[in-house]
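Given next are the chains, with one letter for each unit.
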Amino acid sequence: MEPILKADNLTRVFSRKGQPDFTAVDHVSFELMPGECLGIIGESGSGKTTLVNMITRLLDATEGRIVLDGEDITRAGGKTLRKVYSKMQMVFQTPTESFDPRRRLGDGVGESLRNNGWSRSDTKKEAARLLQVCGLTPEFADRYPHEVSGGQCQRAAIARALAVKPRLLICDEATSALDVTIQQEIIELLNELRWQHGSDLSILFICHDIALVQQFCDRVLVMYKGSIVEQGKPDEVIRNPQNEYTRRLIDSIL
Ligand SMILES: Nc1ncnc2c1ncn2[C@@H]1O[C@H](COP(=O)(O)OP(=O)(O)O)[C@@H](O)[C@H]1O
Ligand SMILES: [Mg+2]
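Residues numbered from 1 in each chain as written. Chains lettered and ligands numbered in written order. Predicted model: local features only at pLDDT ≥ 70, side-chain atom pairs only at ≥ 80, totals over all residues.

From N to C terminus, the protein chain includes 10 helices and 10 strands. Compactness check: the protein chain gives a C-alpha radius of gyration of 18 Å against a globular reference of 18 Å for 254 residues, within 12% of the reference. For the C-alpha atoms alone, the extent of the protein chain along its principal axes is close to 55 × 45 × 40 Å. Across the 254 residues in the protein chain, those meeting the buried criterion constitute 41%. Here the contacts in the protein chain between residues at least 6 apart in sequence split such that 66% fall between residues at least 24 apart. (Helix = DSSP H or I, 4+ residues; strand = E, 2+ residues; numbered from the N terminus. Rg over C-alpha atoms; globule rule 2.2 N^0.38 Å. Buried ≥ 20, exposed ≤ 12 C-beta atoms within 10 Å, placed from the backbone. Contact = placed C-beta atoms within 7 Å.)

To continue, consider the site of ligand 1. Around ligand 1, the structure places F14, F22, A24, G42, S44, G45, S46, G47, K48, T49 and T50. Those elements that place two or more of their residues in the shell around ligand 1 are β2 (22-32) and α1 (48-55). When residues in the shell around ligand 1 are grouped by element, the largest group, three residues, is from α1. Residues belonging to the shell around ligand 1 are distributed by class as follows: three nonpolar, seven polar and one charged. (Near = placed C-beta within 6 Å. Nonpolar A, V, L, I, M, F, W, Y, C, P; charged D, E, K, R; others polar.)

Further remarks concern the packing of helix α6 (residues 150-162) against helix α7 (residues 180-197). In a packed pair of helices, the relevant descriptors are the angle between the two axes and the axis-to-axis distance. At a closest axis distance of 10 Å, the pairing of α6 and α7 adopts a crossing angle of 20 degrees. The orientation of α6 with respect to α7, classified from their angle, is roughly parallel. In this structure, the crossing between α6 and α7 has a hand that is right-handed. Residues G150, G151, Q154, R155 and I158 of α6 form the contact with α7, whose participating residues are I182, E185, I186 and L189. Taken together, the residues of the contact of α6 with α7 break down into four nonpolar, three polar and two charged. (Axes fitted to C-alpha atoms, helices over the stretch in contact; angles between N-to-C directions. Parallel < 35°, antiparallel > 145°, perpendicular 65-115°, else oblique. Left-handed = near helix turned anticlockwise from the far one by under 90°.)

Across a sheet, strands are paired by hydrogen bonds formed along the backbone, either parallel or antiparallel in direction. Here four strands make up an open sheet; going across it, the order is β2-β1-β4-β5 and the pairing antiparallel. Sheet topology places β2 and β5 (71-72) at the edges, where each strand pairs with a single neighbour. Of the strand pairs in this sheet, strand β1 (residues 5-14) and β2 are connected by seven bridges, and their pairing is antiparallel. Bridging from a neighbouring strand, L10 pairs with V28 of β2. (Pairing = 2+ DSSP bridges.)

By the bridge criterion, five bridges tie β1 to strand β4 (residues 63-68) in an arrangement that is antiparallel. From the neighbouring strand, D8 faces β4, where its bridge partner is R65. With antiparallel pairing between neighbouring strands as the criterion, β4 and β5 make up a hairpin whose turn holds two residues, including D69 at a positive phi of roughly 50 degrees.

With that settled, consider unusual backbone geometry. Notably, H27 is not glycine yet its phi reads approximately 50 degrees, a positive angle. Of note, H27 is situated in strand β2. Even without being a glycine, D69 presents a positive backbone phi close to 50 degrees. When you line up the elements, D69 lands in the loop between β4 and β5. By C-beta crowding, D69 is classed as partly exposed, having 18 other C-beta atoms within 10 Å.

Glancing now at the environment of E31. By secondary structure assignment, the location of E31 is in strand β2. Overall, E31 belongs to the partly exposed group, with 14 C-beta atoms counted inside 10 Å. For the pair formed by E31 and V84, sequence separation is 53 residues and the distance between their alpha carbons is 17 Å. Beyond its immediate sequence surroundings of up to four residues, E31 is in contact with P3 and K6.

Moving on to the pairing of strand β9 (residues 219-224). Bridge analysis of strand β3 (residues 37-41) against β9 gives four bridges, and the strand direction is parallel. Paired with I41 across the bridge in β9 is V222. Summarising the sheet, β9 and strand β10 (residues 227-232) pair through five bridges and their orientation is antiparallel. By the bridge assignment, Y224 is partnered in β10 with S227.

Attention now goes to the nonpolar core. One finds L131, A156, I170, L204, F205 and V213 to be the most contacted residues of the largest nonpolar core, which totals 69 residues. It is α6 that provides the largest number of residues to this core, a total of seven residues. Among all residues touching L204, those that are not within four sequence positions of it are L32, L38, I40, L168 and I170. (Core = buried A, V, L, I, M, F, W, Y, C linked by C-beta atoms within 7 Å.)

Now for the packing of helix α4 (residues 105-115) against α6. Put simply, α4 and α6 touch, their axes get as near as 7 Å, and they point 25 degrees apart. With respect to their mutual orientation, α4 and α6 come out roughly parallel. Handedness of the α4/α6 crossing: right-handed. In this structure, α4 contributes L105, G108 and V109 to the contact, and α6 contributes A156, A159 and R160. Broken down by class, the residue content of the contact of α4 with α6 amounts to four nonpolar, one polar and one charged.

Now the structure itself:
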């Protein structure tokens, strides 16, 4: 089986005037297999979001290569991005900010379908179905982002991500802004989606909470100062951390 995502020596250097260059992500390599859920943990500032932003092409890589479903997307831009985003979708930390405040959730969920030429009525039906898959009744399609809770908005954001039937879902701290009980609900939803989609859906789950990663991920990478310092099955990494930094990270949370 070929990996759905391959990061090969990904590196990002930020240059700021009058200051030395800063390497936020330093030669990071990993593979994500179809159907796999890979966690990335690390303290704030360890480079997780910079890594994700390179993979999702929101940020250029200084060095290295990104291969999505067998295709080099390291420099993908413009028109080729639509194809990239039909395979890879993102869910961010603050759901309300990821929806246009002036548009109803149903329109946000259906936007990519409309862009792909779907009719208004088919889009409406599909948006309602996707909301339902994500645990929301169809009437949520008519609400505005400020009329729903953070957890409900995150469900809608996941519904929107699923609209294009992506092979890869990237969640960057998607549960971090939510209350603990709501976090659990979102994890349950993601688990259900994994079960439904099998090897058709892979998840990259970025999180600073190792306990959530332990519940949910098949494998975990530990990032520290821009590098992967450790990786393995979450249970094993937690039980027997090989690295001093990982040990401290675990001690601070558990
Ligand atoms: N656009 C930028 N310009 C300069 N430095 C940045 C920029 N974006 C992120 N950084 C720095 O890169 C480091 C990693 O940040 P980030 O990837 O957001 O970490 P994390 O998501 O793990 O908290 C931080 O020190 C941050 O200040
Ligand atoms: Mg981050």
